[in-house]
Amino acid sequence: MPELIVYGIVLGSIIALGTVGLTLIWSILDLFNCAHGDQMTMGAYVALLVATLFSGAGFLQGKVGPFSFSWGLLVAVIPAVLASIGLAILIDRWVYRPLRQWGATSIVGFIASIGIAFALRGLVYVLWGPDFHFYFTGVRRMLFLPLGIKVRPDEIFILVVAWTMVALIYLFLAKTKMGKALRALADSPELARVVGISTERMTVWVWAIAGTLIAIAGILYGIQTQLRPEMGWIFLLPLFAAVILGGQGSITGALVGGLVMGIAQQVSTAWLLPTYKPAVAFMIMVLVLLFRPQGIFGRR
Amino acid sequence: MEIGGILSFLASFAIMAGIYAIFSLGLNVHWGYMGLLNFGIAGFFAIGAYTSALITTPKPTGVLADYVTQAIGLNQPFLVGVMGAAIASGLLALLIGLLTLRLRAGYLAISTIGIAETIRIFFNNEAWLANGPEGLVGLPKPLHGLVPPQYYNFLYLAIVLAFLALIYIAVEKGIRSPWGRVLRAIREDEVMASANGKDVFLFKLQSLVVGAMIMGIAGALYAHFSAAIQPGLFTPMFGTFIIWTMLTVGGTGNNKGAVLGAFLVWALWSWSTYFILKVVPPGFETRAPHIRFILIGLVLVIVLLRRPRGIIGEERYVSRF
């Protein structure tokens, strides 16, 4: 059981990276972004592409310290994040912004995001095929901790990177002027507009934050398990469940919700088949909707 | 023979398009007339297909029982199966509706995604219920004794078109009735409708259940056409998303558009496969069909951006009452 909780925290940290962007998009742009999961898949595969190019050129092939992945993958994070941000902003320019400007309801954006999700997944299938891919091969090292917990150094790396990213974003939102404006928008779009914060200028920042975090989440998940075209779609339910659990627009809520989802999904495997994980996330979401639809940290 | 082959191919194309047209009509009742976001059509699809399969097949006996496990097997006629599918699907909708219809629109959408995934996983994992990932095969084909097997598709096409016509007329009648007028009034302005004494929640629930029953029927028709069902069929792409594209392309809020969109998008989907497989280089065959994901996704986004009302758009209804 302690082991399952540790695995749950690892999974929850990856989910938490995704939920921060999702909740910002939801509260600032009034959009349920169904393509969020598939943008995660994209980030993971772009990193794979760059890392494969490196290893093909015999470049940066050494393993990083005690971890299973190479320096090439670590460097590949940068182009993957940039591509993810670029893709997110491009999609916004091409699809969501026109819809916003025509005053289309947020529901139309929701439907469009499903179209984008399938187009992105189709692209992944066409470029990389339906098979599983791995960032590295060979045996993965294990560490033995007290309480009979076995973890891989990779998983400690995932935890450190995820929470460093979260801390950076938290500092950005808490300390910088831009971050404060974003939080104001997330809190109350009307009030923020009254004091002269422009939503349109902020959208680029929203997508940049969301794009960065989701690409890193995808790569971390790829390090922990493997890459497959459906990986992001499977994450979508826990992502939404975590955002709803945390409360719309609440960053703290998104982080807590992510952790809860990760732990609940992993601990459930003590009794249920692992394939039921998305269903577990969904059941928690149903309970939240029944008893506290505004979420833990939500006010509405 | 050549002509016969082409006709038979066209018949099986029209059967699938007709079944999708029924789904599209069901989605029109949800989204077109009531503004309910159902992103879990695949769930109602699966429930309809499995319910009818379990009602119409006998429980496996003898050697077969070693290979196929199913919890129920009632060995009833086709029409009982279709009715059962509609009822089961409607009950599922009732449950989802009671849980989510009082909340904001997005919550229903996410809940329906969740329920569809859960149903798929459930049928996959619980082999005692309906044979797990291998699914059920050999579902009865209604009236198959009447015509030689090579002409059976034409008979089944007639059955599908009869269901399509009946459901089309029923939805048209319903939507032009005072009931349908209330649905559209709520879609346009919930507050105004409830100020006029309409129970918004109750009408949403009715719309959700009626649409879901239509989807259940379509699921049953699909099951008896393919004669074999497995959980892997009811994916978000094949079971939900393509139907959204059909309705959006044809014209949301217009039943003629729903049917037209189903035939057009199904033609795009099934014929692009042949075309794509002809032009791709060897070794690329397993990936190429997924070009259709991109195609259908782009079609949906472009229609939403360039022509949100679809090909035929919603007509102006004037009540005859």
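Residues numbered from 1 in each chain as written. Chains lettered and ligands numbered in written order. Predicted model: local features only at pLDDT ≥ 70, side-chain atom pairs only at ≥ 80, totals over all residues.

With that settled, the discussion passes to the overall build of chain B. If you tally the helices and strands in chain B, you get 13 helices and 2 strands. What you see for chain B is a C-alpha radius of gyration of 20 Å, in line with the 20 Å of a compact globule of 321 residues. Dimensions of chain B, computed from C-alpha atoms along their principal axes, come out at roughly 65 × 45 × 40 Å. The burial tally for chain B puts 48% of its 321 residues in the buried class. (Helix = DSSP H or I, 4+ residues; strand = E, 2+ residues; numbered from the N terminus. Rg over C-alpha atoms; globule rule 2.2 N^0.38 Å. Buried ≥ 20, exposed ≤ 12 C-beta atoms within 10 Å, placed from the backbone.)

In this complex, chain B contributes 35 residues to the contact, which on the side of chain A involves 33 residues. Its residues assigned to classes, the side of chain B that touches chain A shows 23 nonpolar, 10 polar and 2 charged. (Contact = placed C-beta atoms within 7 Å. Nonpolar A, V, L, I, M, F, W, Y, C, P; charged D, E, K, R; others polar.)

Before going further, it helps to spend a moment on the packing of helix α4 (residues 106–128) of chain A against helix α13 (residues 291–306) of chain B. Packed helices, taken two at a time, are described by the angle between their axes plus the distance between the axes. It is the contact of α4(A) with α13(B), at a shortest axis distance of 7 Å, that shows an interaxial angle of 155 degrees. By the angle between their directions, the pair α4(A) and α13(B) is classed as roughly antiparallel. Remark: the crossing between α4(A) and α13(B) carries left-handed chirality. Residues Val108(A), Ile111(A), Ala112(A), Gly115(A), Ile116(A), Phe118(A), Ala119(A), Arg121(A), Gly122(A), Leu123(A), Tyr125(A) and Val126(A) of α4(A) form the contact with α13(B), whose participating residues are Ile291(B), Phe293(B), Ile294(B), Ile296(B), Gly297(B), Leu298(B), Leu300(B), Val301(B) and Leu304(B). Residue composition of the contact of α4(A) with α13(B), grouped by class: 17 nonpolar, 3 polar and 1 charged. (Axes fitted to C-alpha atoms, helices over the stretch in contact; angles between N-to-C directions. Parallel < 35°, antiparallel > 145°, perpendicular 65-115°, else oblique. Left-handed = near helix turned anticlockwise from the far one by under 90°.)

Helix length check: α13(B), at 16 residues, gives a terminal C-alpha distance of 22 Å against a target of 22 Å (1.5 Å per residue), a fit within 8%. In the core, the buried residues of α13(B) are packed alongside α3 (71–101) and α4 of chain A together with α11 (236–250) and α12 (255–279) of chain B. (Expected span 1.5 Å × (residues − 1).)

Time to look at helix α1 (residues 2–29) of chain A. Residue and element names in this part refer to chain A. Taking 1.5 Å per residue as the helical rise, α1 with its 28 residues ought to reach 40 Å, and the 39 Å between its terminal C-alpha atoms agrees with that figure. Across the 28 residues of α1, 22 count as buried, placing the element largely inside the fold. One or two positions beyond α1, positive phi appears at Asp 30, with a value near 55 degrees.

Residues and elements named next belong to chain B. The topology assignment puts Tyr 274 in helix α12. Here Tyr 274 falls in the exposed class, since 8 other C-beta atoms lie within 10 Å of it. A sequence separation of 240 residues divides Tyr 274 from Met 34, and the C-alpha atoms of the two residues are 37 Å apart.

Moving on, we get to the environment of Gly62(A). Along the polypeptide, Gly62(A) turns up in the loop between α2 (36–56) and α3. Excluding residues that lie within four positions of it along the chain, Gly62(A) makes contacts with Ser70(A) and Trp71(A).

The next point concerns the packing of α1(A) against helix α9 (residues 231–246) of chain A. Residues and elements named next belong to chain A. Relative to each other, α1 and α9 sit at 65 degrees, their axes nearing to 9 Å. For α1 against α9, the interelement crossing comes out right-handed. Contacts from Ile 15, Gly 18, Thr 19, Leu 22, Thr 23 and Trp 26 in α1 reach Phe 235, Pro 238, Leu 239, Ala 242, Val 243 and Gly 246 in α9. Tallied by class, the residues present in the contact of α1 with α9 amount to 8 nonpolar, 4 polar and no charged.

Our next topic: unusual backbone geometry. All names here are of chain B. Despite not being glycine, Asn 75 shows a phi value in the positive range, around 55 degrees. Counting through the fold element by element, Asn 75 comes out in the loop between α3 (64–67) and α4 (78–100). Here Leu 143, not a glycine, exhibits a phi torsion of approximately 60 degrees, which is positive. Secondary-structure assignment places Leu 143 in the loop between β1 (136–137) and α7 (152–176). A tally of 13 C-beta atoms within 10 Å means that Leu 143 is categorised as partly exposed.

All we've got here are geometric facts, nothing functional implied.
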